[in-house]
Amino acid sequence: MTDAHSPDSPRVSHVTFEVETTVPTSHGTFRMRAYTDVQTGADHIAIVASEPDGAAPSDGALVRVHSECLTGEAFGSLKCECGPQLDAALDTIRDHGGVVVYLRGHEGRGIGLINKLRAYRLQEDGLDTLDANLALGLPADSRQYGAAADMLRDLGVTSVRLLSNNPEKRRQLVQHGIEVLESVPLVVGVGAFNEGYLDTKRDRMGHELPGQLHGDA
Ligand SMILES: [Zn+2]
């Protein structure tokens, strides 16, 4: 793996590459590269699709850095838009080439599955997604993206067109040495059960989302 150790700024990768294999999915056939997160022990996956001309993704590739969300992806929860976003990202890289970096240990913006469900319980009493985390004594968003940057670097991708509405994700990737050439909006899966959640992400957490989301589903 590429791990640039220079005398001035010794850096150690956040991840260790483990294995690469091909997996056919309902979205298409992808190369899946598994990594272990050196700091957290989590397993992360880079899902890789060739460009239309057959070339491997390189600088300027379309990239989605996606946080694990069991409730949204496995159970189809409508409280967030993670499932439709992941589906759209996989379809996009299948058609245009690119990478979906799937980060585990990011459930509930980093608070974990149980705490995410605790936050949902508080939301039943009227708290929004941000205040519910704070009421539990937990950070609004504790996700780190150094592992994603190192996975991209390992693939030879150091500049990206980022499929994201989240400026913090972009900021951290840049901080970790990945150039973001462009942010490509990914607004899918908006519905009656998550419009308040998306309003909070836009109005209180800086996400770049349209002002009027209602009715876009
Ligand atoms: Zn989700």
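Residues numbered from 1 in each chain as written. Predicted model: local features only at pLDDT ≥ 70, side-chain atom pairs only at ≥ 80, totals over all residues. Heavy atoms only, no water.

(A) Main features of the overall build of the protein chain. What the protein chain contains, in helices and strands, is eight helices and seven strands. Against the 2.2 N^0.38 benchmark of 17 Å for 217 residues, the protein chain shows a C-alpha radius of gyration of 17 Å, consistent with a compact globule. Projected onto its principal axes, the C-alpha coordinates of the protein chain cover approximately 50 × 40 × 30 Å. A separation of at least 24 residues holds for 59% of the contacts in the protein chain among residues at least 6 apart in sequence. Total accessible area computed for the protein chain in this model is approximately 10,200 Å², and 53% of it derives from carbon and sulfur atoms. Mean positive and mean negative side-chain charge positions of the protein chain (20 and 31 charges, respectively) differ by 3 Å. (Helix = DSSP H or I, 4+ residues; strand = E, 2+ residues; numbered from the N terminus. Rg over C-alpha atoms; globule rule 2.2 N^0.38 Å. Contact = heavy atoms within 4.5 Å. Areas by Shrake-Rupley, 256 points an atom, 1.4 Å probe, with all protein chains shown as cover. Lys, Arg positive; Asp, Glu negative; His and termini not counted. Charge placed at Lys NZ, Arg CZ, Asp CG, Glu CD.)

(B) Spatial organisation of the packing of aromatic side chains. Evaluation of the coordinates by the stated rule reveals one aromatic pair. Over the aromatic face of tyrosine 120 sits the side chain of lysine 79, whose NZ or CZ is 4.7 Å from the ring centroid. (Phe/Tyr/Trp six-rings, centres within 6.5 Å; stacked < 30°, edge-to-face > 60°. Lys NZ or Arg CZ within 6 Å of the ring centre and 35° of its normal.)

(C) Quick peek at the side chain of histidine 14. Among the structural elements, histidine 14 can be located in the segment before β1 (15-25). Those residues in contact with histidine 14, other than ones at most four positions away along the chain, are Thr36, Asp37, Val38, Gln39, Gly146, Ala147, Asp150 and His176.

(D) View of the nonpolar core. Counting residues in hydrophobic clusters, the biggest one holds 22 residues, and the most contacted among them are Val63, Val65, Val101, Leu103, Leu152, Val160 and Leu173. A total of five residues in this core trace back to one element, the largest contributor, which is helix α6 (residues 146-154). Those residues within four positions of valine 65 in sequence are excluded, and the remaining contacts are Val101, Leu103, Tyr145, Ala148, Leu162, Lys169 and Leu173. Counting residues in hydrophobic clusters, the runner-up holds nine residues, among them Leu86, Ala89, Val100 and Tyr102. (Core = buried A, V, L, I, M, F, W, Y, C linked by side-chain atoms within 4.5 Å. Buried < 20%, exposed > 50% of the residue type's maximum accessible area, 1.4 Å probe, protein only.)

(E) Inspection of unusual backbone geometry at higher detail. One non-glycine residue with positive phi stands out, namely arginine 109, at about 55°. On the accessibility criterion, arginine 109 (10% relative accessible area) is buried.

(F) Examining the pattern of salt bridges more closely. Per the counting criterion, the structure on display carries 19 salt bridges. Here arginine 104 ties to glutamate 68 by a salt bridge, and the two come within 3.2 Å at their closest N and O atoms. Highlighted residues: arginine 104 in the loop between β5 (98-103) and α3 (107-110) and glutamate 68 in the loop between β4 (61-67) and α1 (70-73), separated in sequence by 36 residues. Residue glutamate 68 is classed as buried on the basis of its relative accessible area, which comes to 15%. One salt bridge in this structure joins glutamate 124 and arginine 121, with 3.3 Å as the shortest N-O distance. For glutamate 124, a relative accessible area of 63% gives the class exposed. Taken together, the shared-partner salt bridges connect Glu20, Arg31, Arg33 and Asp154 into one network. (Salt bridge = Lys/Arg side-chain N within 4 Å of Asp/Glu carboxyl O.)

Purely geometric numbers; function is a separate question.
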